[in-house]
Amino acid sequence: MDLTNTTSSIRLRLFYLLIGVFVIGMNHSLMAQSHNVTGSVISSDNGEALPGVNILVIGTETGTTTDLNGEFSLAATSADDTLAFSFIGYERVEEPINGRTVIDIALTPQAIAGEELVVVGYGAVQRRDITGSVSSISNEQIREVPITDAGQALQGRTPGVVALSSGNRPGQGMTLRIRGRRSLTASNDPLFVVDGVPVEGNINDINPQDIESMEVLKDASATAIYGSRGANGVVLVTTNRGGDYPTQVSYSGYGGISQTLGTPDMMTGAEFAEMKKISGRSLTPAEEDAITRGVSTDWDDLLLEDGYQTSHQLSVNGGNENTQFAISGNFFFDKGVISTQDFNRNTLRLNLDHSISEKLRVGTSTQLSHQVQNWGSNPYGESLATNPLAEPYNEDGSLDLRPGADPLIFNPLADLEDGAYIDERERARIFSNVYADLNMLENLNLRVNFGSDLQDWRRGLFQGSETVSRNGQSPYSQKDHERRFTYTWENILTYIQDFGNIHSLTATGLFSIQQSRTEWTNLGVSDLPYEHQQFHNLDTGATVEGFGSDLEEWGLMSYMGRVNYQLKDRYLFTVTGRYDGSSRLADESKWGFFPSAAIGWRISNESFMAEQDLFSELKLRVSYGVTGNTAIDPYQTRGGLSRTVYSFTDQAGFGFRPSELSNPNLQWETSATANLGLDFGLWNDRIVGSFEIYQTNTKDLLLRRAIPITSGFDSVFENIGETKNSGIEFSITSRNVSNRDFSWSTNLNLFANNEEIISLYGTGEDDIGNGWFIGEPITVWYDYEKTGIWQSNEEAQAADVGREPGEIKVVDQNGDGRINEEDRKILGSDIPTLTGSIINNFRYKSFDLSVFLFGSFGHTIFNSFKVSNNTMQGRYNNLDIDYWTESNPTNKGPKPDGTRESPLNGSTLGYMPGDFLKVRNIQLGYSLPQKLLGRVDIRSARIYVNAETPFVFSHLEDGVDPEIQDQQADPSNGGEINARTPSRRLFSFGVEINF
């Protein structure tokens, strides 16, 4: 045997065997190799991509994060592994791979997460640790509706808050009331705080798209930290800031057409002629001719047109670990349905934060804004009243300035002529807050804020001779200028100490100074030599109609302390005290102290709740505190002087006399509030909500008390009145359905507030002249009660009370057989029994839908629009109402009467139920697919169509909005529907793009 060959053969066989084993092993190794998975992660509530989501293969250290487009790619160890998706503010999801190579996930936001930080004034706390009554509005909620004023974001979204538009002119602003009205003569407006700094006036200059969140502080525990300015509630506005992430560029814009809600049903030419004949007035030959030719001019149709609204926002956000920035610019324009009315606002914002070291951080929040409001003429009322038998144009096409040849009626279309009537209101504002934040020790922080607010306002008014206001007289020009500078300097010291699982303590101290200076001048002239100068060359006016100037200064110095204490993560305590000193008050009453205390019990953390799974959160809150209202004007405690004219030989002499009796004892109006609240979360916060019950007693109301005329004065300001507010609030948010393809959430808000005057002047008597009654709300309707129309068969009974058939029949309340002022009664109040809203948000794959309903019920309003357009005298056009004649014995409207300017007791026609249900907003959106956007480096893109106020259901005439109340006559009151300018609805199309 050849051993050599045998050995070689054995070696060759072993070699082949080893190769076979290696190939089998390699094949087994390849079979056990990683399983590749790709996919995307979006938010279930809006379908937007989520960058930075953490993805981990459970049981391993293998993981990744989503990119800017929300996409990821991962190599799992096995096709049977499970992936865990987690992201701050969203619920964690564990998803088995099950052999798939593409996995798309929709993360659900945590409804109201306990860890969510809420701004509460001079700091922020976790929502679960709040002991006061605080409501929050998020950036996403603000963006759901195209809004002009940031205050509009609170409409219907916050229980206890009433947000009414001050009018229908573009840019007219909002009037906010938090838990009703407390003061009779002073302002009931809340305090606005932007990025930690109190601001003077409203927040109309703030671009709503720059807002990150809005918090409404409602009870005394939350508002007492603002002391003498917190009685009417506090609205905290926090603007967008950058973060530690790559630079992101975003664009959002929309444009749309605005239209009147409707037009009132006015009489046609034939109907007006019939009414005029019945009123006893004869038709003029021109009117007879117009009837023959079938003339029926719809004046409001000639006056009104479609308006439009557009907004464009460009934002750049980002930063790194040390420096974060947010820059934005916005252009907004709103054209009204009357051509001379529009509003333009441009804003530029820079929010910058920079860490100089581990201990020191500085930054700024700065906004520049410029707005121009063309207030314009408002000939809407004249257009409704103008004779429909009159024609607007002459035969040559020019305007007939006296349509119908009536000397009291000027053609309302004349105000729309180019340059005929200009009322331009311009405001430039620089609002800047600079801060330095120093970590002095591990648990001790010092923050210094300096906020400055410079406002420059100018009004230019020009009324040409051929306008309704001048009625053919010489042109008039006026110029007003106001400059206001306010600064706030705050030093805030915060100490935080956590004692493990037993208790924790946060203490805050504040020293603050705020000062304001306002200068104002005005000049008005007439008899201008030429009109095209408008209001730019006033010295050419031959007649000076009026002039004036003024200076107002005030200051406020404050000390504040607050302590938040937690025991065993179940018992919460908050104690606050603020000491304010105001230059508005005399030395004897300059300082005031405003304390508050609150207790919270987190019941859900008790051991006896450990076995149940119904309540994920259950917290009881109780608070009591005192706040103030700076109701006193500067210098009011010192009295005043006014100029007087007397005879000095044959010339007029000028001197001064006391115009106001001084009262050095005047002080703040103060409000003491008790609040009981319950916060709850059900089934792991699938349903969350809160319930509040409160009562506020306000004393030391600023009122004029009558004094003997022998003193040289008839009244003096004193702190002598008292009111009470009480109410309930309920809010609930439910995630009804939430999965990858479909989600549905609902938010319901309900509240009821009751006002009551407790005392007036200390005498126990009502003030009928001002309409104030003890035991009643601040605004009540005190008038005669209409019970119908006197009919022909009641002629004798009507004559007994000085009336005749066809006139309004009112109730003889005291039964004395006469109708006089003693027969008036309280007919109702503008305070609703219930106010509420319901918002439903739906998402199906890439589509989203939001439907917002709002309603108010159980109150009475005064429809002055109906009263003023129901003169029934035959001179002015009239609402097409069912009026009385012998052949039409109705009980609705009185007979026409050309001998009266308006019907006897005609005001009784204006009282009606104020109930309304409004579809405030409907928005349908579509988010473009990520696969398409990724090709052009777009992170997300969404398009939408929006309908604002598409439907209103109320007792009012078509086109009249029940929420637009008359705030011009007295901003403290409401309930009067005037409709000086038509209400509008907006249909728009918008785009949101994130690069």
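Keep in mind the model is a prediction, meaning the values are calculated, not measured.

Our focus in this paragraph is the sheet that holds strand 14 (residues 197-199). Strand order across the open sheet formed by 5 strands is 10-15-16-13-14, with mixed pairing between neighbours. Sheet topology places strand 10 (134-138) and strand 14 at the edges, where each strand pairs with a single neighbour. On average, each strand axis in the sheet is tilted by 25° relative to the strand beside it, whichever way the strands run. Here strand 13 (residues 191-194) runs beside strand 14; their pairing, made up of 3 bridges, is antiparallel. When the bridges of strand 14 are listed, F192 appears paired with V199.

A few words now on unusual backbone geometry. Phi at D569 takes a positive value of approximately 55°, unusual for a residue other than glycine. Here D569 lies in the loop between strand 26 (543-567) and strand 27 (571-582).

UniProt's entry tags residues 127-234 with the feature "domain: TonB-dependent receptor plug" (unreviewed entry), counted in the numbering of this structure. Span residues 127-234 is 7% helix and 28% strand, its end C-alpha atoms 18 Å apart.

The next point concerns the nonpolar core. Core analysis: the largest hydrophobic core is formed by 33 residues, its most contacted members being Y380 and F865. Contributions of two or more residues to this core are made by helix 4 (269-279), helix 6 (299-303) and helix 7 (380-385). A total of 3 residues in this core trace back to one element, the largest contributor, which is helix 4. Filtering out sequence-adjacent residues up to four positions away, F865 remains in contact with P264, Y380, L384, L879, E957, V960, I977, N978 and A979. In this structure, L176, V235, V237 and F854 belong to the second largest nonpolar core, which totals 28 residues.

Moving on to the pairing of strand 30 (residues 640-648). Where strand 30 lies against strand 31 (residues 651-660), 9 bridges are found, and the strand directions are antiparallel. Following the sheet pairing, F648 is matched in strand 31 by Q651. A loop of 2 residues connects strand 30 with strand 31, the two strands running antiparallel in sequence, and T649 in this loop sits at a positive phi of about 55°.

For the structure shown, the criterion picks out 49 salt bridges. In this structure, E95 engages R100 in a salt bridge whose closest nitrogen and oxygen atoms are separated by 3.1 Å. Given a relative accessible area of 22%, E95 falls into the partly exposed group. With a shortest N-O distance of 2.7 Å, K918 and E963 are connected by a salt bridge. Of the two residues, K918 is situated in strand 44 (residues 916-927) and E963 in the loop between strand 45 (940-954) and strand 46 (976-977); the sequence distance between them amounts to 45 residues. Comparing K918 with E963 shows no difference in burial state: the two are buried.

How each quantity is defined
- Residues numbered from 1 in each chain as written.
- Predicted model: local features only at pLDDT ≥ 70, side-chain atom pairs only at ≥ 80, totals over all residues.
- Heavy atoms only, no water.
- Pairing = 2+ DSSP bridges.
- Helix = DSSP H or I, 4+ residues; strand = E, 2+ residues; numbered from the N terminus.
- Axes fitted to C-alpha atoms, helices over the stretch in contact; angles between N-to-C directions.
- UniProt positions renumbered as here; feature names shortened; annotations may be inferred.
- Core = buried A, V, L, I, M, F, W, Y, C linked by side-chain atoms within 4.5 Å.
- Buried < 20%, exposed > 50% of the residue type's maximum accessible area, 1.4 Å probe, protein only.
- Contact = heavy atoms within 4.5 Å.
- Salt bridge = Lys/Arg side-chain N within 4 Å of Asp/Glu carboxyl O.

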